[in-house]
Structure formats: C-alpha cells, structure tokens
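Observations on chain architecture
Here's the letter readout for the chains.
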Amino acid sequence: MKSAVETLNPTRVRLTVEVPFEELKDSLDAAYKKINQQVTVKGFRKGKIPARVIDQRFGRGAVLEEAVNDALPKFYTDAVNEAELTPLGQPEVDITELKDGETLNFTAEVDIRPAIEIPDYSGIEVEVDAVEVTDEDVDKAVEQLRERFASTSPVERAAEDGDVVTIDLEAKVDGEVLEDGIADGVSYTIGSGELLDGIDDAVKGVEAGGEATFTSELKGGSAAGKEAEVTVKVTQVAARELPALDDDFAQLASEFDTLDEVRADSRKRLESMKQYDQATQAQERVLDKLLELVEIPVPEKLLEDEINTRKHNLEHHQLGQMGLTLDKYLEIQGKTAEEFETETRDAAVKGIKTQFVLDELVNKEKLNVSQEELTEHLMRRAASSGMSPDQFAQAVVQNNQVPLLVGEVARGKALAVVVEAATVKDTNGEVVDLEDEEDESAEGETAEAAAEGEEKAEA
C-alpha cells in the first residue's frame, strides 16, 4: 500500500491511497465466505458454493463491493498511522479507481487536530476579586441559618408578607380544569417566589376560608407556558416566628455553644467560598489570556457538531426538564435568536480551542494521571451528578468514558500549570497565592468545560 497526504487547510487533509490488488485477498476470501452463508444455489450445500459460481450467479461486482467495504477501514487506518495524523470525526471516502485484479485507489478527506505552538505563558497577568467578608455578609449568613429554624403558629387574621399559608389550587386553561391542575394542602411562604407569578398578591389580605383568582403562566405540567386562570383557596394562615439570636440559638442550630462562635464559623465558611470563587475566576481569566496568545484554527465540521450538540442538550434536556421551549427561554433571557446563535457559536469555539490547547499542554509538559487523581475526580463528578460513586463508575465503564474522565483530569492539571506560572493579583493589588485552592478547583467547571465536545472530537 502507498499513501500520500495533501494539506487542504490547517485542520483538514486529503489522503490518497493506492492498494495493490493482492492486498485485498483476505477481504475477498471473507466476502466469498459471507455471501456463501447468505445465499443458496441448487446443487450445492450451503457454505460450499465455489467462487466461480458466486461470480456467475451474483456477479463479481457484488463480491468486490463487499471486499472493499471490509478492507477500507484497515487501509484508511494504516494510512492515518503512517502519516502520524490525529483525525477528528469520520472521513469522507471516495473510491477513485477499482480494477479487478490490478488495484484499488481511494481518497479520504478528514479533519485533523491542528498543529499548535504553545508560547511562553509565564508572563500572563490577571486580576481577580479580593477575598473580603464584611460584617453584613456574616449577618446575612446567620440570618439565613435563623430562617431555617423558624417556627409557625396559626393566626386568625389576613395573610401578610412572610406568612406561611396552606392553600388549595385549581388551574383552568380555556375554561377547562387541567387534569394535573389541582393541588390541595400546599404550604407556601408568601414572598418566597417558589410558586406561580401573581400568587403573592392574590393571597395577601385573604383570611383562612377565603379564596382569590388570578391569571398566571404555568411553569410546568401538561400546559407549561400557557396562561391559566388559577383559583387559590386559603385554608390556614400561620405566622413565622424566628428564634432569638442568642447562645441558646447557637446551641440549637449548630455544634457551637455561643453566638460569637457561630458568627466566627460563618465568616470562615464565607472566606473559603470566596477563595474558591477567586481560584475559579483566576483559572477562567488565565485561560482566556492563554487562548489570546495561541493561534488555534477550528475545524468547521467539528464546530458545527459542537453547536448542534449544545443546542440539543439545552432544548431537550435542560429546558425540557423545566417545561420551557427555546422561544420561551429566549424571551425570559431577553435575547434574540440571533444573539443566542452568536453566543452558542462563541461558546463552542472557546470549548474546542480550550480542549486543543490544554491537550497540547498535557503532551508538552508530559502530564500523567494517577489512579488516585482519577478516583478523586470520579468522586466529585458522581457527587455533582447526584449518583453514588459506584453507580457513576459503573456508568462510566459501560459507556466507555474512562478516557473522557482521564482527559478531564489531565486538562485540569495542564490548566493548573499555567495558573501557577501566571501572576495573579486581586483588586487591592495584592499577589494571590492560589496553591491551596488550585488542588480543589483545577478540575472544576473551567476544566470540565474544556472537555465539552471531547466525545465528538475523538470519534
């Protein structure tokens, strides 16, 4: 077999392959054997029909077609390996010449990973938010804890903001009560915004036994997105009572003995959260700077597939679970279809470029993934997916996604290398030491975003 490579553009090549006919022998034998098992000829036992009879009865062309279809993947793979290419997706194959007994010639066009030159990234500088926790932040955190331990007691008065009401609901669309539009004994805190738009104004001022009717767009169910006439009947009004902010509350709501200790712990937790956010922000901004330094062409077919995948996941998974259409989602977001298309394309381009550059860094820095690192990453992914580690691991193995997870960890380590080399300062001008935060966040959302499209890119 002889092969040659023609570069069509930085991300696409054409392979020209010439195969001597004798190299098709194994595939021809396999073709005759396969046809033997599929047909019957009077006077011959099944599987024992001579090749010349198959040629006469069914045509030599049918045998050649079967043999070529069997042989092409191997010859294509051999040509790819010989040229040391990294193909992306499936090739477009064109058989240019097939002469029985002489030769098989074909071409294969395929997208490839572009050659990327990683520049010196040690001069990257970024600014991130300073870690500052105010007394007001602590007050808010303690108040949220206090809200969790509020008690309620029935009152004989009209419902007010903050009250907990027990209500029965009935929703009608076009005058017809929906099958899934009735709910009794629903507990709702006025002002929480957890139910339908307009319900707060409807129930405020209503006493137990009273009812009100209002119009609202349904957020879920069989008539999601439609305007409904909703009747709400209040069966009970209860006032919320917050516990006093004292040491007794501290002992009730935490493992601490005093309120001062609760406040100190809240401050510590808030600082940790802000440090994590700061580390994630540093990763994102360092990554953006790195992408600005590198020229990274993007294969059009891969980009098209990535855009379509993102749209599909949004429409059929994320929005589907919320009972929203894409049009309704865009209306809520205040975006036009053109703006959505542009944002989706920009995000897809960034995702592909990020994967390419971080994978190149993995190779350049010779980064490896240990079993311990893979296990830790699997545990985090399992937790974020709501599955147990065992369930998640089983799903990963069944779907052959172990290489995907290894790639995510490796890219996270590559990004951490760049962040470590960069200069990161906060808005106060102080140099930020991200060493502690990087270990936990380097494989987080930023690194995982880099892997979107991984399955398509490696297909």
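Cut-offs used in this document
- Residues numbered from 1 in each chain as written.
- Predicted model: local features only at pLDDT ≥ 70, side-chain atom pairs only at ≥ 80, totals over all residues.
- Heavy atoms only, no water.
- Helix = DSSP H or I, 4+ residues; strand = E, 2+ residues; numbered from the N terminus.
- Rg over C-alpha atoms; globule rule 2.2 N^0.38 Å.
- Buried < 20%, exposed > 50% of the residue type's maximum accessible area, 1.4 Å probe, protein only.
- Contact = heavy atoms within 4.5 Å.
- Lys, Arg positive; Asp, Glu negative; His and termini not counted.
- Charge placed at Lys NZ, Arg CZ, Asp CG, Glu CD.
- UniProt positions renumbered as here; feature names shortened; annotations may be inferred.
- Expected span 1.5 Å × (residues − 1).
- Arc of directions from axis to C-beta.
- Phe/Tyr/Trp six-rings, centres within 6.5 Å; stacked < 30°, edge-to-face > 60°.
- Patch = residues over 30% accessible without salt bridge, like charges linked within 9 Å, V, L, I, M, F, W, Y side chains within 5 Å.
- Areas by Shrake-Rupley, 256 points an atom, 1.4 Å probe, with all protein chains shown as cover.
- Salt bridge = Lys/Arg side-chain N within 4 Å of Asp/Glu carboxyl O.
- Core = buried A, V, L, I, M, F, W, Y, C linked by side-chain atoms within 4.5 Å.
- Pairing = 2+ DSSP bridges.
- Axes fitted to C-alpha atoms, helices over the stretch in contact; angles between N-to-C directions.
- Parallel < 35°, antiparallel > 145°, perpendicular 65-115°, else oblique.
- Left-handed = near helix turned anticlockwise from the far one by under 90°.

**A few points about the overall build of the protein chain**
- Check the secondary structure of the protein chain and you find 16 helices and 11 strands.
- Taking 2.2 N^0.38 as the reference for a compact globule, 459 residues should give roughly 23 Å; the C-alpha atoms of the protein chain span a radius of gyration of 32 Å, well beyond that estimate.
- Projecting the C-alpha coordinates of the protein chain onto the three principal axes gives extents of approximately 100 × 65 × 45 Å.
- Per-residue burial for the protein chain yields a buried fraction of 38% across its 459 residues.
- Looking at the protein chain alone, contacts between residues at least 24 apart form 69% of all its contacts between residues at least 6 apart.
- Of the charged side chains in the protein chain, 49 are positive and 104 negative, and the gap between their average positions amounts to 10 Å.

**Comments concerning the environment of lysine 48**
- Tracing the backbone shows lysine 48 in the loop between helix H1 (25-38) and helix H2 (51-58).
- With 12 residues separating them along the chain, lysine 48 and asparagine 36 place their C-alpha atoms 6.9 Å apart.

**Observations regarding the UniProt feature "domain: PPIase FKBP-type" (unreviewed entry) in the protein chain**
- Summarizing the sequence annotation, UniProt attributes the feature "domain: PPIase FKBP-type" (unreviewed entry) to residues 162-215 in the numbering used throughout.
- Secondary structure over residues 162-215 splits into 9% helix and 54% strand, and the C-alpha atoms at its two ends are 22 Å apart.

**Overview of helix H4 (residues 135-148)**
- The end-to-end C-alpha distance of H4, which contains 14 residues, comes to 20 Å, matching closely the 20 Å that a straight helix rising 1.5 Å per residue would cover.
- Within the sequence span of H4, burial applies to Val138, Ala141, Val142, Leu145 and Arg146. Buried residues of H4 fall within an arc of 145 degrees about the axis and therefore sit on the same side. Those residues of H4 that are exposed and aimed more than 90 degrees away from the buried face are Glu136 and Lys140.
- Check the buried side of H4 and you find it contacts helix H6 (247-253) and helix H7 (259-293).

**Things to note about the packing of aromatic side chains**
- For the coordinates displayed, the defined rule picks out 1 aromatic pair.
- With a centroid separation of 6.3 Å and 85 degrees between ring planes, the pair formed by phenylalanine 149 and phenylalanine 249 is classed as edge-to-face. With phenylalanine 149 in the loop between H4 and strand S6 (151-154) and phenylalanine 249 in helix H6, this pair connects stretches of sequence that are 100 residues apart.
- Given a relative accessible area of 2%, phenylalanine 249 falls into the buried group.

**A few points about a negative patch on the surface**
- Taken together, Asp246, Asp247, Asp248, Asp257, Asp260 and Glu261 make up a surface patch of like negative charges.
- Locating aspartate 246 in the fold gives a position in the loop between strand S10 (227-241) and H6.
- Looking at aspartate 246, the relative accessible area reads 30%, which means it is partly exposed.

**Comments concerning the nonpolar core**
- By size, the foremost hydrophobic cluster in this structure holds 36 residues, and its most contacted members are Ile124, Leu290, Val357 and Leu361.
- Those elements that place two or more of their residues in this core are strand S5 (125-128), H7, helix H8 (300-322), helix H10 (337-364) and helix H13 (402-421).
- Leaving out residues up to four positions away in the same chain, isoleucine 124 has contacts with Val286, Lys289, Leu290, Leu293, Val418, Ala422 and Thr423.
- Counting 31 residues, the second largest nonpolar core, distinct from the first, contains Val19, Leu64, Ala108 and Val110.

**Focus on the pattern of salt bridges**
- Counted by the stated rule, this structure contains 32 salt bridges.
- Measuring nitrogen to oxygen at the nearest pair gives 2.9 Å for the salt bridge that ties aspartate 359 to arginine 113. With aspartate 359 in helix H10 and arginine 113 in the loop between strand S4 (103-112) and S5, the pair connects residues that are 246 residues apart, well separated along the chain.
- The partner of arginine 240 in a salt bridge is glutamate 147, with the nearest N and O atoms 2.8 Å apart. In this pair, arginine 240 sits in strand S10 while glutamate 147 sits in helix H4, placing the two residues 93 residues apart along the sequence.
- A relative accessible area of 33% places glutamate 147 in the partly exposed class.
- What you see here is one network of salt bridges that share partners, running through Glu6, Arg12, Arg14, Glu92, Glu109 and Asp111.

**Describing the sheet that holds strand S2 (residues 12-20)**
- Taking strand neighbours across the sheet as the criterion, the 4 strands line up as S1-S2-S4-S3 in an open arrangement whose pairing is antiparallel. Each of the sheet's edge strands pairs with one partner strand only, and the pair in question is strand S1 (2-9) and strand S3 (87-99). Neighbour-to-neighbour, the strand axes of this sheet turn through a mean angle of 20 degrees, independent of strand direction.
- Sheet analysis places S2 next to S4, joined by 9 bridges and oriented antiparallel. Within the sheet, the bridge partner assigned to arginine 14 lies in S4 and is glutamate 109.

**Quick word on the packing of H8 against H10**
- Their axes nearest at 9 Å, the elements H8 and H10 cross at an angle of 120 degrees. Regarding the angle of H8 to H10, the classification is oblique. Handedness of the crossing formed by H8 with H10: right-handed. Taking contact as the criterion, the partners of Glu300, Leu302, Leu303, Glu306, Ile307, Arg310, Lys311 and Leu314 in H8 are, on H10, Phe340, Glu341, Thr344, Arg345, Ala347, Ala348, Val349, Gly351, Ile352 and Phe356.

**Looking at unusual backbone geometry**
- Backbone geometry at lysine 366 places phi at a positive 55 degrees, although glycine is not the residue there.
- Inspection of the secondary structure puts lysine 366 in the loop between H10 and helix H11 (371-385).
- Looking at lysine 366, the relative accessible area reads 67%, which means it is exposed.

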